[in-house]
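A closer look at the structure
Take a look at the letters that make up each chain.
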Amino acid sequence: MQTISKPYLLSSEDLTRDDINLIFQRAKFFQDNYTPGSRFDDLKGISVALAFFENSTRTKLSFEIAAKRLSADTIGFAASTSSLSKGESLLDTLKTIEAMGVQIYVIRHGSSGAQQFLQRNTSGIILNAGDGKHEHPTQALLDNYTLLNHFGKLEGLKITIVGDIFHSRVARSNINVMKTLGMEVKFLGPGTLLPQQNNPWNVDFCTNLDEAIEWSDILLVLRLQRERMNSGLLPSIEEFSNFFGVTAEKISRKPELVVMHPGPVNYGVELDYRISTYPNCLIQTQVTSGVYIRMAVLSLLSEYLKK
Ligand code: CP
């Protein structure tokens, strides 16, 4: 049986370097061999629930497409129309879905650690599709798979993560994966949105955008997670945009610079819309990679159900 080390994916810390390489190999296989209308049978007879307690476009749809391309039975779960509104707990909700024969759960939740709690209480397989400001492991996998396809290698690449790092699960998962794969990472953002007191990765800070552009091969730009912010963290959106917004003018002296963003993008705040059309802007490629990475993760984890 070829699979990853743990029978779930809750955190980027669950993944060894070998796990990540195996996921990339499987994603490449699906990318090279998928043709529209075709189906692989990796998840035939397996039921996958997509339970999103927070909004999503990219992650939810790409997991659904991925599961369907692998012949899974997919079950959508809309928190807002469920019996949660009648007082049912999160755990009872999981147990209810489990009693219907679901084996794989793709879960997004606003509380950090919700998926870890649920995994301890089920024999099913949980995939973390984003928990609070903690982790979003498949986003980090798809970001790095996109970079591997662009550069041909990852070791030694220099990346600055720009923006609201403190509230970003994408940043946390990416730092772990990028460090595991031998990349150099720096942060740039307003002092109130940097993990200054809690920086277990010992990541250095850039002082301004010009310095970040000069040093980096890649800028990974993040939106302001206003839904997770207390007031008073920023003087104004305009000031953030003036200091940290990535514009066409600012990056014009380095045409080879790669620009990424996990989406959704707030154009005009953290990123200039004109950059979205640049050949080195990989935002759409990231979305496409997401389908293949999620096919790979679902396929590899399904091996645990076939033992
Ligand atoms: N990148 C990301 O998680 O996007 P969605 O919120 O649209 O899923």
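Source: prediction; values computed, not measured.

What counts, and where the lines are drawn
Residues numbered from 1 in each chain as written. Predicted model: local features only at pLDDT ≥ 70, side-chain atom pairs only at ≥ 80, totals over all residues. Heavy atoms only, no water. 1 Å grid on protein atoms, 1.4 Å probe; cavity = no way out; pocket = protein on both sides within 12 Å on 5 of 7 lines; lining within 4 Å. Points joined across faces, edges and corners; volume = space filled by probe spheres on them. Helix = DSSP H or I, 4+ residues; strand = E, 2+ residues; numbered from the N terminus. Nonpolar A, V, L, I, M, F, W, Y, C, P; charged D, E, K, R; others polar. Domains from an automatic or database assignment. Contact = heavy atoms within 4.5 Å. Buried area = accessible area lost by both parts, 1.4 Å probe. Near = heavy atom within 4 Å. Polar contact = N/O pair within 3.5 Å; in protein donor to acceptor, adjacent residues only side chain to side chain. Areas by Shrake-Rupley, 256 points an atom, 1.4 Å probe, with all protein chains shown as cover. Buried < 20%, exposed > 50% of the residue type's maximum accessible area, 1.4 Å probe, protein only. Pairing = 2+ DSSP bridges.

**Side note on empty space enclosed by the protein**
- Scanning all chains against the criterion turns up 1 cavity of 30 Å³ or more.
- As for the largest cavity, its lining consists of Ala49, Ala51, Phe53, Leu90, Thr93, Leu94, Ile97, Tyr105, Ile107 and Leu118.
- Of all the secondary structure elements, the ones that give two or more residues to the lining of the largest cavity are strand 1 (47-52), helix 3 (90-99) and strand 3 (104-109).
- No other element matches helix 3, which puts 4 residues into the lining of the largest cavity.
- Partitioned by chemical class, the residues of the lining of the largest cavity number 9 nonpolar, 1 polar and no charged.

**Structural notes on the domain arrangement of the protein**
- For the protein, the assigned domains are domain 1 (12-135 + 290-305) and domain 2 (137-286).
- Each of domain 1 and domain 2 has a C-alpha centre, and these two points are 26 Å apart.
- Facing 29 residues of domain 1, the contacting portion of domain 2 comprises 27 residues.
- Carbon and sulfur atoms make up 59% of the surface buried where domain 1 meets domain 2, a total of about 2300 Å² over both sides.
- Three residues stand out in domain 1 for area buried against domain 2, namely Arg17, Phe24 and Lys133, and they jointly supply 29% of the buried area on that side.

**Examining the site of the ligand**
- In the vicinity of the ligand, the contacting residues are Ser56, Thr57, Arg58, Thr59, Arg108, His136, Gln139, Pro262 and Gly263.
- Side-chain polar atom of Arg108 to an oxygen atom of the ligand: 2.9 Å apart, as the coordinates give it.
- One of the backbone nitrogen or oxygen atoms of Pro262 is found 2.9 Å away from a nitrogen atom of the ligand.
- Against a free-state accessible area of 260 Å², the protein chains account for coverage of 91% of the ligand.
- For the shell around the ligand, the class distribution of residues is 1 nonpolar, 6 polar and 2 charged.
- Inspection of the shell around the ligand shows a minimum of three residues originating in each of domain 1 (12-135 + 290-305) and domain 2 (137-286).

**Examining the pairing of strand 8 (residues 218-221)**
- Covered by surrounding structure in strand 8 are Ile218 and Leu220 together with Leu219 and Val221, the residues of both alternating faces.
- Pairing analysis gives 4 bridges linking strand 5 (residues 158-162) to strand 8, with the strands arranged parallel. Looking across to strand 8, one finds that Thr160 is bridged to Leu219.
- Two elements, strand 8 and strand 9 (residues 258-260), share 3 bridges in a ladder whose sense is parallel. Within strand 9, the position partnered with Leu219 by the bridge is Val259.

**Digging into the layout of surface pockets**
- A volume near 380 Å³ is recorded for the largest pocket.
- Lining the largest pocket we find 21 residues, and of these Arg108, Arg169, Arg223, Gly263 and Pro264 sit closest to its centre.
- When contributions to the lining of the largest pocket are tallied by element, the ones reaching two or more residues are helix 2 (58-69) and helix 6 (169-180).
- Taken together, the residues of the lining of the largest pocket break down into 4 nonpolar, 10 polar and 7 charged.
- For the lining of the largest pocket, the domains that each give at least three residues are domain 1 (12-135 + 290-305) and domain 2 (137-286).

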